[in-house]
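# Inside the fold
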2 protein chains.
Amino acid sequence: MVEMQLDERKIKIMQAIIRNYLETGEPVGSRTISKYTDLNLSSATIRNEMADLEEMGYILQPHTSAGRIPSDKGYRLYVDTMMEEKDKELEELKEMMLEKEDKMDNLLKQVAKLLAVNTNYATMVSAPAVHRNKLKFIQLSRVDVNQLLAVIVMEGNVIKNNILQVAEELNDETILKLNILLNTHLNGLALEEINLGTISAMKQQAGIHSAIVSDVIDAIAEGIKADEDLEIYTSGANNIFRYPELADQQKASEIINTFEEKQMLTELVQDTLSDESNTGIQVYIGNETPIQTMKDCSVVTATYELGEGMRGTIGIIGPKRMDYDKVIGTLKTITHQLDDLYKKK
Amino acid sequence: MVEMQLDERKIKIMQAIIRNYLETGEPVGSRTISKYTDLNLSSATIRNEMADLEEMGYILQPHTSAGRIPSDKGYRLYVDTMMEEKDKELEELKEMMLEKEDKMDNLLKQVAKLLAVNTNYATMVSAPAVHRNKLKFIQLSRVDVNQLLAVIVMEGNVIKNNILQVAEELNDETILKLNILLNTHLNGLALEEINLGTISAMKQQAGIHSAIVSDVIDAIAEGIKADEDLEIYTSGANNIFRYPELADQQKASEIINTFEEKQMLTELVQDTLSDESNTGIQVYIGNETPIQTMKDCSVVTATYELGEGMRGTIGIIGPKRMDYDKVIGTLKTITHQLDDLYKKK
DNA sequence: TGTTAGCACTCAACTCATTAGAGTGCTAAC
DNA sequence: GTTAGCACTCTAATGAGTTGAGTGCTAACA
């Protein structure tokens, strides 16, 4: 068998097939390509080329007498080498972002929604993992005879509240002392930097109230941990009904469920964040996705960064024939926008 | 025309029709009823009765040669007069509830999920409106040179955080004074009870720092208001795919969207909460629902109360042929359970 | 007078065959 | 290497025929 190569013409045909399929969602025939492109080739010639492309695994036929559709490998080729990014009218998007919300979670919810409306795909945004974030401020206050409120503020003004049950009654002065103790020892530390040495030093200074120190440390750990099984915001799940290839009951139900449970989406976030090498944007086509229920979709994710150590993920989930150019362009804009937003604050 | 009456027999037939339809989801024929019941009537007799029932508007025919299905009026009759509550094995449900979560929102999320899994319908839980709730405790702390953190704790340990930007630099002593000022004036008050008199008195005492008092009041108002466009948790939206009559694309998409947006669900909450007369449980059948997109569903809602003024709503959304007995029983259990939970704390 | 048997009728749903049309592969000619 | 052309394949759409569940109505029965 002669070794086949992806020559210029094959690439052009491939491009034409994908472009057309992205638009219509229908298998593309040779005649269409013959007219659609400026190659001036007859459908017969295209057919020959398409037979080659099929043999090479870039396209496939749903059935004998249908046109061709891109295979996962074909999409991959497209994403890796053939895309021209559209930096289209994302201006409006920018503007909307600038109506900046104060609260982080509201902002992220809005981002998810904005993206969904803008792209007509399903979207998810993970709140930044607070992992390596530093403690900025701790405040204990008494709310009831035997209840303490612990407010924990982290770098980036992420705030955690926790109510502690305490056995002993504490007077105002003790609480004040504890506050000073906690803040002098812990401020500026990241969670990993709080070691046993620090803790025992604090306990010693706390004297009879050492139990409370333990409780507070636990509260901090818990507050941060609660954040670690990530908060994820989603939007536009029902957009999948726009794409007939995803809209049948079986698939739709699975996808909707994944979106509602959110649990499974964390895998996507993990996967995206773990890949340090990337340029910020990652494309999963079909089976490449870490989430089994989305094997008929493509997923494009981007990482955004709000100051050091605080990285979150934005994901767009759509059919394999999604408009990769637009999606990637939009994601780039959004992530830059988020970066800027942080810097301005 | 002779006036028709719902005699004993008609009621029995009606019951049989509904019971059967709830199970199968298919139109019910006369022959089925003839065998299904212990009435010992021929199908012909049943047919006559059914003709009457149809004329009275309790049942209807999807098409000439099909059996009958209950109309909204028919379901209403059933719910109002014919149901026998099942207080079945809800014990496990109780047990699961008792793994009580500390954080309110986690608890409510869990309730939504639990209900969804248990009933196989879609569910929603609204966080209790904090509206008439009383302030328990306010705490200002400095987190940065020109940033104050205001922590607002309400009755029931609902906590709001708010970061205030302040123009002037404040020393610790000033902040302490402000804290005392705020707490002495505001503790125990509900939002409506904070009137201009209170505020101006506080401002006067605050002297040059009166601007901050305004900011804090605003923060309180805002914090509470943010809570007023209600937090709603949903679960099991994909359960609608279990019921063919809701699973077609058009309907499914609309329902899923309503669940994702949540915005529209607030209407349901409003409606449920506004009805002071009710016994806690409300049933909306088909077009009775305040949410247009759910006109093909039935919605059963319950109000739960966590201390005075803190009332939330639990809703179960399913097909019109939902298992009303079970759903109502379950809702009763859950709401009582929530009540108990609060009392124990 | 209420109940029932029986029959003609209706209509959705299914099967089956046919057709139309889109698309292919292959061959022969350019 | 390219193309025209033709036989072939297969899906999707169409329509006729059949089935079966269910009805309404009538006449007979208790």
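Summarised in this report is the structure supplied together with it. (Residues numbered from 1 in each chain as written. Chains lettered and ligands numbered in written order. Predicted model: local features only at pLDDT ≥ 70, side-chain atom pairs only at ≥ 80, totals over all residues. Heavy atoms only, no water.)

Glancing now at the sheet that holds strand β10 (residues 311–319) of chain B. Residues and elements named next belong to chain B. Spatially, β7-β3-β10-β9-β8 is the arrangement adopted by the five strands of the open sheet, whose pairing is antiparallel. Every other strand in the sheet has two partners, leaving β7 (232–235) and β8 (281–285) as the edge strands with one partner each. Looking at each pair of strands side by side, their axes are set apart by 15 degrees on average, direction ignored. As paired strands, strand β3 (residues 122–126) and β7 are joined by four bridges and run antiparallel to one another. Across the sheet, residue T123 finds its bridge partner in β7, namely S235. (Pairing = 2+ DSSP bridges. Helix = DSSP H or I, 4+ residues; strand = E, 2+ residues; numbered from the N terminus. Axes fitted to C-alpha atoms, helices over the stretch in contact; angles between N-to-C directions.)

In this section: the protein's contact with DNA strand C. In the vicinity of DNA strand C lie 21 residues, with S30(A), R9(B), T45(B), T64(B) and S65(B) positioned nearest. Between DNA strand C and the protein, one listed contact pairs a phosphate oxygen with a side-chain N or O atom of R9(B) at 2.7 Å. R47(B) places a polar side-chain atom, nitrogen or oxygen, 3.1 Å from a base oxygen of DNA strand C. Among the secondary structure elements, those contributing two or more residues to the surface near DNA strand C are α3 (43–56) of chain A together with α3 (43–56) of chain B. For the surface near DNA strand C, the element with the highest residue contribution is α3(B), accounting for four residues. (Near = heavy atom within 4 Å. Polar contact = N/O pair within 3.5 Å; in protein donor to acceptor, adjacent residues only side chain to side chain.)

Here we come to α3(A). Since one α-helical turn is 3.6 residues long, residues separated by three or four positions face the same way. Residues and elements named next belong to chain A. Between its terminal C-alpha atoms α3 stretches 20 Å, which fits the 20 Å expected from 14 residues at 1.5 Å a residue. Listed as buried for α3 are S43, I46, E49, M50, L53 and M56. Along the axis of α3, the buried residues cluster in a sector spanning 125 degrees; they form a single face. Facing away from the buried side of α3 by over 90 degrees, the exposed positions are N48 and E55. The elements touched by buried residues of α3 are α1 (8–24), α2 (30–36), β1 (59–60) and α4 (72–82). Where α3 ends, the next residue or the one after it, G57, has phi of about 90 degrees, a positive value. (Expected span 1.5 Å × (residues − 1). Buried < 20%, exposed > 50% of the residue type's maximum accessible area, 1.4 Å probe, protein only. Arc of directions from axis to C-beta. Contact = heavy atoms within 4.5 Å.)

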